[in-house]
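Here is how the chains run, residue by residue.
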Amino acid sequence: MKLKMFTGKTIAGASFDAGGMLAGGLLSSGIEGLVPIEDSKMRKAALAALGVFGAASIQGNDTTAKLVRNLLLGMGIRQGQRFIAEAATPTLPEADGTAMNKFMHDMLETGGGDVVKPTVEARRRMGMGYRFTPNRNNT
C-alpha cells in the first residue's frame, strides 16, 4: 500500500463509491420490508448474503457496473451490520455506565450508551426496547 496525495479524480471516485454504498444501505431497509421472510434475523442475513454475492458477481469497470456493485455492497454491509446487532443485542449486559459497556451499546446502537439515544417515538416503535426488534404491525 502506498499513500499518495489525493487528486480531484480520486476524490470523485471515492465519493462515487461511498455514495453508491450509502444509497444501497438506505435502499436495503426498504427492500427488507418487502421480503416475505418472517424471521427478522434470517431476512437480514439473506439480504446481506445477496448483497455480497451479488456484488461479487458483477463484472466490468464501466459506470453502471460500479454503481450496481456499490449498491449491492452497501446493502450487504448495512444488512450484515443490522443482523449482527440484532443477534447480539439480547446477550448484551444491561447498560451500567462503564466505559466498555457504553462502547458495546453504542457499537450495536441499542441506546444504552452515550452516542445513540432513541427518541420517545423511536422507543415506542422499537417494541421490546431493542433498536432492531421488528415491529411489522405499525398502525
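Let us look at the structure shown here. (Residues numbered from 1 in each chain as written. Predicted model: local features only at pLDDT ≥ 70, side-chain atom pairs only at ≥ 80, totals over all residues. Heavy atoms only, no water.)

**Observations concerning the nonpolar core**
Put simply, the rule is: Nonpolar core, defined: a set of buried Ala, Val, Leu, Ile, Met, Phe, Trp, Tyr and Cys residues in which side-chain atoms within 4.5 Å join the residues together. Think of it in three bands: with a 1.4 Å probe and only protein chains considered, a residue is buried below 20% of the maximum accessible area for its type, exposed above 50%, and partly exposed in between. Only runs of H or I of at least four residues qualify as helices and only runs of E of at least two qualify as strands under DSSP, and these elements are numbered from the N terminus. Any two residues whose heavy atoms approach within 4.5 Å at even a single point are treated as in contact.
With five residues, the main nonpolar core is built from V35, L47, A55, L72 and M75. Looking at this core, the elements that each hand over two or more residues are α2 (40-57) and α3 (63-88). In this structure, A55 is in contact with R69, L72 and L73, ignoring residues within four places of it in sequence.

**Remarks on the pattern of salt bridges**
Pairs may arise between side chains of opposite charge once their charged atoms sit close together. Filter applied, for reference: The salt bridge definition used is simple: a Lys or Arg side-chain nitrogen within 4 Å of an Asp or Glu carboxyl oxygen.
In this structure the tally under the stated criterion is four salt bridges. The partner of E32 in a salt bridge is K44, with the nearest N and O atoms 2.7 Å apart. Placement of the pair is E32 in helix α1 (residues 8-32) and K44 in helix α2, with a sequence separation of 12 residues. When salt bridges that share partners are traced, they join E32, R43, K44, R82 and E86 into one network.

**What to know about the environment of R43**
When you line up the elements, R43 lands in helix α2. Sequence separation between R43 and F83 is 40 residues, and the spatial gap between their C-alpha atoms is 8.6 Å.

Any functional reading would require information beyond the geometric quantities listed.
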